[in-house]
Amino acid sequence: MSSRILTDFELLVPASVDEALEILDRLKDKVTIVSGGTDVLVAMKFGFENQHAMSVAKLPGLDYLDFDPEKGLRVGSKATIAQLLDSPEVKKYYPAIWDAAVNFATPQIRNSATLVGNLLRASPAGDGSCAVYALGGTLVFTSKEGDREVDIDDLWVGYATTARKPNELAMELRIPVPSAGSVNAFKRLTRVNEDLAKLNVAVNLKMDGKVCQEARVAMGCVAAVPVRLKQAESLLKGVEINDESLQKVMSAVENEITPIDDQRSTAEYRKMVSGVIVKRTIQQACERA
């Protein structure tokens, strides 16, 4: 049970990126980075310990959303879920992210939690992670050695573990501009919106009329990290989206995932409904074509 008492730690509050990088270079994995704190503080109440916590609250210039029709979307590491909801460009061009933001916890948490933080939490149930995984993109890290971009396909290396190096600070998420004919959507299953998802799905389809030319299908809560459903993607590529092709995708999904039983659901239920939610997410995306 939670004691609701935080573990002991030294709080560090750098006022500049350079100062933050000095701290990370010196302490490396002995410091935990805190942004919105909606995951880290809860973890501390349940016994997570580290010697130092570094808040990025005073770091300037990282809370931006910037959309360029030629280059795509840039999301600063301190940009909140609430900011995504307020962005007409996100709603228009990246509705999968907007759909995930709408269903993201409570208004209070949306005002604090960040999309980049959701990615770095590396939870298999992360709604933002699932949406971004389907869209593709890169996460930009910086350290005293310079900048480094990590493709979203290479970000999660294990449960609660990412490719971020201990001396690196996340700066921004970059998502490419949608190609002509592309549509995307996100759906989740849960008891109430405030809960973590039992299952979440995001799709990104490049359509030519009713024919799918390319597909990215991401699913959460069915493995240690969010996963791409490569078999489903292969079945969608080059075919018309209709009842027959969707039935094949539904059958493939159930055989492609390896969920577990946990507090929110059972492996049996997740397998049973996985194909259905993928089908509905594809249909929702196609309605936006």
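Residues numbered from 1 in each chain as written. Predicted model: local features only at pLDDT ≥ 70, side-chain atom pairs only at ≥ 80, totals over all residues. Heavy atoms only, no water.

### Examining helix α5 (residues 95-102)
Okay, step 1: Counting buried positions along α5 yields 6 of 8 residues, so the element is predominantly enclosed.
Okay, step 2: Restricting attention to buried positions, one finds in α5 the residues P95, A96, I97, D99, A100 and A101. (Buried < 20%, exposed > 50% of the residue type's maximum accessible area, 1.4 Å probe, protein only. Helix = DSSP H or I, 4+ residues; strand = E, 2+ residues; numbered from the N terminus.)

### What about empty space enclosed by the protein?
Okay, step 1: Under the criterion given, the structure shown has 1 cavity of 30 Å³ or more.
Okay, step 2: Every element with two or more residues in the lining of the largest cavity is listed here: α3 (81-85) and α5.
Okay, step 3: Element by element, the count of residues in the lining of the largest cavity is highest for α5, at 3 residues.
Okay, step 4: Split into classes, the residues belonging to the lining of the largest cavity amount to 7 nonpolar, 1 polar and no charged. (1 Å grid on protein atoms, 1.4 Å probe; cavity = no way out; pocket = protein on both sides within 12 Å on 5 of 7 lines; lining within 4 Å. Points joined across faces, edges and corners; volume = space filled by probe spheres on them. Nonpolar A, V, L, I, M, F, W, Y, C, P; charged D, E, K, R; others polar.)

### Digging into the pattern of salt bridges
Side chains carrying opposite charge are able to pair once their charged atoms draw close together.
Okay, step 1: Under the counting rule described, the total for this entry stands at 16 salt bridges.
Okay, step 2: With its nearest N and O atoms 2.9 Å apart, the salt bridge here joins R174 to E149. Of this pair, R174 sits in strand β10 (residues 169-175) while E149 sits in strand β7 (residues 146-151); the two residues are 25 residues apart in sequence, bridging distant segments of the chain.
Okay, step 3: The partly exposed category is assigned to E149, whose relative accessible area is 47%.
Okay, step 4: For D195, the salt bridge identified is with R191, shortest N-O distance 3.2 Å.
Okay, step 5: With a relative accessible area of 64%, R191 lands in the exposed category. (Salt bridge = Lys/Arg side-chain N within 4 Å of Asp/Glu carboxyl O.)

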